[in-house]
Every structure is written in structure tokens, then in C-alpha cells.
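Examining the three-dimensional arrangement
Here is how the chains run, residue by residue.
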Amino acid sequence: MKLHKIVLATTATVLAIGAGFAFAQFQKPEDAIKYRQSAFTVMANSFGKIGAVVKGEAPFNKDEVARNAAIVAMMSTLPWQAFGPGTEGGKAQSEIWSDNAKFKAASEKMQLAVVDLNKAAQSGDLENIKKAFSTAGASCKNCHDDFKKK
Ligand code: ASC
């Protein structure tokens, strides 16, 4: 089994069992902030590389896109455990804690969108990748609009 296939299967499992289950522990709020920002940074780097292909700014290499989509899907499962009580700060808006159900719903929408992007990327169809990329990007923006400081 190729690595990205394993990541795809693993991501679905993590998404299924990970909902509401925090497994990382943090000594200090700053550690949680650094953890979630790191996960978003790695995710945005790979998402951006796919974006360059989608926008025609980089050549379409199927394996590279598949690898980056798998990274995005895996990373997308990680930040949420680092938004626990008492970890306000960074670029997080207070609504994350005061309207946590809405934040959770937005985070899950994004995670499902990047699972779709990963499926499209593993199958290697550029038109499907473009569509899934657009939906995934919208799900990033949707959450940023409500929950991320500018
Ligand atoms: C990116 C990135 C985001 C999203 C968002 C989409 O490449 O880093 O946060 O796309 O800008 O609107």
C-alpha cells in the first residue's frame, strides 16, 4: 500500500474517532497556541502548493499533489485539540470559546472538504482537484471570517 493511501485511510479513522477527543497535552497555553499554529502552518504550506497547480502557476505533478493533499488532510485533524479552555491567544477570536459549537461545525466542514480534496488528489483528476480545492479554500475562509483575527 502506498503511503498516501495509508494516510487517506488513517485520516478517515482519525476524523471518525477524533471528534471531541483531545489526545495532546500542553503544559502552558503558549504551548497549545504554538501547536495549533504549527499544524495550520504546515497545512497552509501544502495547501498553497496545490493552489499553485490549480491556478496554473506550477506544473501538475500528480504524485506531488497527492502527497500535499494527504499532508493537508492529516494536518487538518490536529489543531482542534489545542483550542482547549484557557488557551485563548494568538489569532484566535474569543468566539471560538463563546460559540464553540459553531467553531466545531466549521472545523468539521473543513476537515470533510480536505478529505474530499485528498480523494480527488489520489485519483489524480485535475478537474476534480480544482473543484475540491475551491470548496476546501472556501471552508478555510468561512472559519477565518468568524474566528480568526486579521
Ligand atoms: C490558503 C491559506 C488559507 C486559505 C484561505 C482560503 O492557501 O493559507 O488560509 O487558503 O486563504 O480563502
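Just so it is clear, the structure is predicted and the values come from calculations on it, not from any experiment.

**Topic: the packing of helix H2 (residues 29–54) against helix H6 (residues 126–147)**
Look at H2 against H6: their axes get within 10 Å of each other, and the N-to-C directions meet at 130°. Between H2 and H6, the angle falls in the class oblique. Taken as a pair, H2 and H6 cross one another with a handedness that is left-handed. Of the residues in H6, those touching H2 at Phe-47, Ile-50, Gly-51, Val-53 and Val-54 are Leu-126, Ile-129, Lys-130, Phe-133, Ala-136, Gly-137 and Cys-140. Each residue belonging to the contact of H2 with H6 can be placed in one class, and the counts come to nine nonpolar, two polar and one charged.

**Things to note about the side chain of Asn-68**
Looking at where Asn-68 falls in the secondary structure, it is placed in helix H3 (residues 62–75). Ignoring any residue separated from it by four or fewer positions in sequence, one finds Asn-68 in contact with Ser-46, Lys-49 and Ile-50.

**So, the packing of aromatic side chains**
A complete count under the given rule lists nine aromatic pairs for this structure. Note on Phe-83 and Phe-103: the rings are 5.0 Å apart at their centroids and 70° apart in plane angle, and the pair reads as edge-to-face. Of this pair, Phe-83 sits in the loop between H3 and helix H4 (95–98) while Phe-103 sits in helix H5 (residues 100–123), placing them 20 residues apart in sequence. With centroids separated by 5.2 Å and ring planes inclined at 70°, the aromatic side chains of Phe-103 and Phe-147 adopt a geometry described as edge-to-face. Taken together, the positions of Phe-103 in helix H5 and Phe-147 in helix H6 put the pair 44 residues apart, joining distant regions of the chain. Phe-147 carries the same exposure label as Phe-103, and that label is buried. Pairwise contacts between aromatic rings join Phe-40, Trp-80, Phe-83, Trp-97, Phe-103 and Phe-147 into one cluster.

**Points about the nonpolar core**
Counting residues in each nonpolar core, the largest one holds 29 residues, and the members touching the most others are Ile-50, Phe-103, Leu-117 and Ile-129. Top element by residues in this core is H5. It accounts for eight residues. With sequence-adjacent residues up to four places away left out, Leu-117 is seen in contact with Phe-47, Ile-50, Ala-69, Ile-129, Ala-132, Phe-133 and Ala-136.

**Observations regarding the pattern of salt bridges**
If you walk through the whole model with that rule in mind, you get six salt bridges. Lys-28 is the salt-bridge partner of Asp-31, the closest N and O atoms lying 3.5 Å from each other. With a closest N to O distance of 3.4 Å, Asp-146 and Lys-102 form a salt bridge. Separated by 44 residues along the polypeptide, Asp-146 in helix H6 and Lys-102 in helix H5 bring together distant segments of the chain.

**Describing the site of the ligand**
Taken together, the residues surrounding the ligand are Ala-44, Phe-47, Gly-137, Cys-140, Lys-141 and His-144. Separating an oxygen atom of the ligand from a backbone N or O atom of Gly-137 is a distance of 3.5 Å. Here the ligand loses 56% of its free accessible area of 310 Å² to cover by the protein chains. Secondary-structure elements contributing two or more residues to the shell around the ligand are H2 and H6. At four residues, the largest contribution of residues to the shell around the ligand is made by H6. Grouping the amino acids of the shell around the ligand by side-chain chemistry returns three nonpolar, two polar and one charged.

So, how was this worked out
Residues numbered from 1 in each chain as written. Predicted model: local features only at pLDDT ≥ 70, side-chain atom pairs only at ≥ 80, totals over all residues. Heavy atoms only, no water. Axes fitted to C-alpha atoms, helices over the stretch in contact; angles between N-to-C directions. Helix = DSSP H or I, 4+ residues; strand = E, 2+ residues; numbered from the N terminus. Parallel < 35°, antiparallel > 145°, perpendicular 65-115°, else oblique. Left-handed = near helix turned anticlockwise from the far one by under 90°. Contact = heavy atoms within 4.5 Å. Nonpolar A, V, L, I, M, F, W, Y, C, P; charged D, E, K, R; others polar. Phe/Tyr/Trp six-rings, centres within 6.5 Å; stacked < 30°, edge-to-face > 60°. Buried < 20%, exposed > 50% of the residue type's maximum accessible area, 1.4 Å probe, protein only. Core = buried A, V, L, I, M, F, W, Y, C linked by side-chain atoms within 4.5 Å. Salt bridge = Lys/Arg side-chain N within 4 Å of Asp/Glu carboxyl O. Near = heavy atom within 4 Å. Polar contact = N/O pair within 3.5 Å; in protein donor to acceptor, adjacent residues only side chain to side chain. Areas by Shrake-Rupley, 256 points an atom, 1.4 Å probe, with all protein chains shown as cover.

That is the geometry; function is a separate question.
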